[in-house]
Amino acid sequence: MGMDRGVAAVTGASSGIGRATARALASLGFEVVVGARRMDRLQALAEEVGGRASRLDVTDPASVEAFAASVGDCQVLVNNAGGAKGREPIAEAADDDWRWMFEVNVLGTMRVTRALLPALQRSDSGHVVVMGSVAGFEVYQGGAGYTAAKHAERALARTLRLELLGTPIRVTEVSPGLVETEFSLVRFGGDAERAATVYRGMTPLTPEDVADCVAWAVTRPPHVNVDEIVVRPRDQATSTLIHRRPE
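Procedures and definitions
Residues numbered from 1 in each chain as written. Predicted model: local features only at pLDDT ≥ 70, side-chain atom pairs only at ≥ 80, totals over all residues. Heavy atoms only, no water. Helix = DSSP H or I, 4+ residues; strand = E, 2+ residues; numbered from the N terminus. Rg over C-alpha atoms; globule rule 2.2 N^0.38 Å. Buried < 20%, exposed > 50% of the residue type's maximum accessible area, 1.4 Å probe, protein only. Contact = heavy atoms within 4.5 Å. Areas by Shrake-Rupley, 256 points an atom, 1.4 Å probe, with all protein chains shown as cover. Lys, Arg positive; Asp, Glu negative; His and termini not counted. Charge placed at Lys NZ, Arg CZ, Asp CG, Glu CD. Pairing = 2+ DSSP bridges. Right-handed = clockwise from strand over helix to strand, strands pointing away. Polar contact = N/O pair within 3.5 Å; in protein donor to acceptor, adjacent residues only side chain to side chain. Phe/Tyr/Trp six-rings, centres within 6.5 Å; stacked < 30°, edge-to-face > 60°. Lys NZ or Arg CZ within 6 Å of the ring centre and 35° of its normal. Salt bridge = Lys/Arg side-chain N within 4 Å of Asp/Glu carboxyl O. Expected span 1.5 Å × (residues − 1). Core = buried A, V, L, I, M, F, W, Y, C linked by side-chain atoms within 4.5 Å.

Enquirer: Go over the overall build of the protein with me, naming the residues and quoting the values.
Expert: From N to C terminus, the protein includes eight helices and seven strands. What you see for the protein is a C-alpha radius of gyration of 17 Å, in line with the 18 Å of a compact globule of 247 residues. By its C-alpha atoms, the protein is 50 × 35 × 35 Å across when sized along the principal axes. Each of the 247 residues in the protein was classed as buried or not, and the buried ones make up 51%. Considering only residue pairs separated by 6 or more positions, the protein has 67% of its internal contacts joining residues 24 or more positions apart. Only carbon and sulfur atoms are counted for the fraction: they give 52% of the accessible area of the protein, which is about 11,400 Å². Averaged over its 27 positive side-chain charges, the protein has a centre that lies 2 Å from the centre of its 31 negative ones.

Enquirer: So, the pairing of strand β6 (residues 169–176): which residues are in play, and what are the values?
Expert: Of all eight residues that make up β6, eight are buried, and the element is covered over most of its length. Of the two faces of β6, the one lined by Ile169, Val171, Glu173 and Ser175 and the one lined by Arg170, Thr172, Val174 and Pro176 are each fully buried. Sheet topology places strand β5 (residues 126–131) next to β6; six bridges connect them, and they run parallel. Residue pairing across strands places histidine 127 opposite arginine 170, the latter belonging to β6. Tracing the backbone out of β5, into helix α5 (residues 144–163) and back to the parallel element β6 gives a crossover that is right-handed. For β6 and strand β7 (residues 228–231), the ladder comprises four bridges, and the chain directions are parallel. Residue pairing across strands places serine 175 opposite valine 230, the latter belonging to β7.

Enquirer: How would you explain the side chain of threonine 172 if you had to name every residue and give the values?
Expert: Inspection of the secondary structure puts threonine 172 in strand β6. A residue is classified by how much of its surface remains accessible, and threonine 172, at 0% relative accessible area, is buried. At a separation of 2.6 Å, a polar atom in the side chain of threonine 172 contacts the main-chain carbonyl oxygen of valine 226. With near-sequence residues (within four places) excluded, threonine 172 lies in contact with His127, Val128, Val129, Val130, Ala217, Val226 and Asp227.

Enquirer: Tell me about the packing of aromatic side chains, residues and numbers included.
Expert: The relation between two aromatic rings is expressed through the spacing of the ring centres and the mutual angle of the planes. For the coordinates displayed, the defined rule picks out one aromatic pair. A cation sits over an aromatic face here: lysine 85 above tryptophan 100, 4.6 Å from the ring centre.

Enquirer: I'd like a description of the pattern of salt bridges, backed by residues and values.
Expert: Applying the stated criterion across every chain yields a total of 14 salt bridges. The residue arginine 111 makes a salt bridge to glutamate 103 at a minimum N-O spacing of 3.1 Å. Given the relative accessible area of 22%, glutamate 103 is considered partly exposed. Across the salt bridge formed by glutamate 193 and arginine 200, the nearest N and O atoms sit 3.1 Å from each other. Residue classification places arginine 200 among the partly exposed residues on the basis of a relative accessible area of 31%. Linked through salt bridges whose partners overlap, the residues forming this network are Arg38, Arg41 and Glu182.

Enquirer: Which residues make up α5, and what values go with them?
Expert: For α5, spanning 20 residues, the distance from its first C-alpha to its last is 28 Å, which sits close to the expected 28 Å at 1.5 Å a residue. For α5, the full list of buried residues reads Gly145, Tyr146, Thr147, Ala149, Lys150, Glu153, Arg154, Leu156, Ala157 and Leu160. Looking at the buried positions of α5, the neighbouring elements they touch are α4 (95–122), β5, β6, α6 (183–187) and β7.

Enquirer: Give a detailed account of the pairing of β5, specifying residues and quantitative values.
Expert: Across the six residues of β5, six count as buried, placing the element largely inside the fold. Alternating positions in β5 separate into two faces, Gly126, Val128 and Val130 on one and His127, Val129 and Met131 on the other, with burial throughout. Examined bridge by bridge, strand β4 (residues 76–79) and β5 share four bridges and lie parallel to one another. Residue leucine 77 lies in a different strand from β5, and its bridge partner there is valine 128. Handedness of the crossover joining β4 and β5 through α4 is recorded here as right-handed.

Enquirer: Outline the nonpolar core, listing residues and values.
Expert: Grouped together as the largest cluster of nonpolar side chains are 35 residues, with contacts concentrated most on Leu25, Phe30, Val32 and Val34. By residue number, the principal contributor to this core is helix α8 (residues 207–218), which donates seven residues. If sequence neighbours within four positions are ignored, valine 32 has contacts with Ala8, Val10, Ala22, Leu25, Ala26, Gly51 and Arg52. With 25 residues, the next largest nonpolar core counts Val58, Leu120, Val128 and Ala157 among its residues.

In structure tokens, the structure reads:
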């Protein structure tokens with residue numbers, strides 16, 4: 001569009017919502033720095049959008065610091081890295097799965113935000129976007145580990161909004177419902193058939209639908225803070241109330 005909006009850093013950008021968000025922000029004139037572990041995908045995306053790729057593992061403090069250094073000056077941070085593992089009830093919960101979910105969704109968001117806050121402050125018009133979920137304010141059977149992590153991430157975003165009041169940094173949480181990405185494939189350990197059943201008989205959101213929400217929020221006038229966007233498919237009313245059409 002011929003407009004220089006500054007630098008936007010997007011975590012978890014190698015697929016899904018992160019990749020779509022990077023494309024959307026680049027199309028609006030941001031120089032996008034994409035971070036994730038899969039460098040082959042990242043480099044291809046960076047070349048496509050005219051941005052930069054930097055390896056990032058949000059569970060590794062040293063990797064986060066290196067990513068922040070590679071970003072440099074920054075106007076927008078999109079904390080998109082996250083995910084779920086397992087659907088076991090609490091009685092059968094796996095410690096490692098819960099530990100991973102808290103590391104990626106909560107501590108990962110905290111680490112990246114903490115590392116880039118100085119750059120966002122220097123920009124005089126910074127914006128932190130946290131990719132939450134409807135799981136941040138709803139619960140469902142078999143989802144305790146993920147909903148607990150997303151509830152915690154939501155508390156982080158809302159607290160950050162309070163702590164940054166009076167600074168030139170805005171905070172937005174985007175909370176999607178069902179989005180067809182690799183999310184369910186990861187959750188079910190690569191079981192493609194089980195992952196497909198999550199979206200069967202209904203029309204889920206696409207990653208581009210969610211990226212549109214991010215792009216809209218970060219391009220509002222500087223005095224406007226969009227605190228939260230909740231976006232679901234028309235076929236979904238809650239985490240468990242979903243209209244499914246016969247196949």
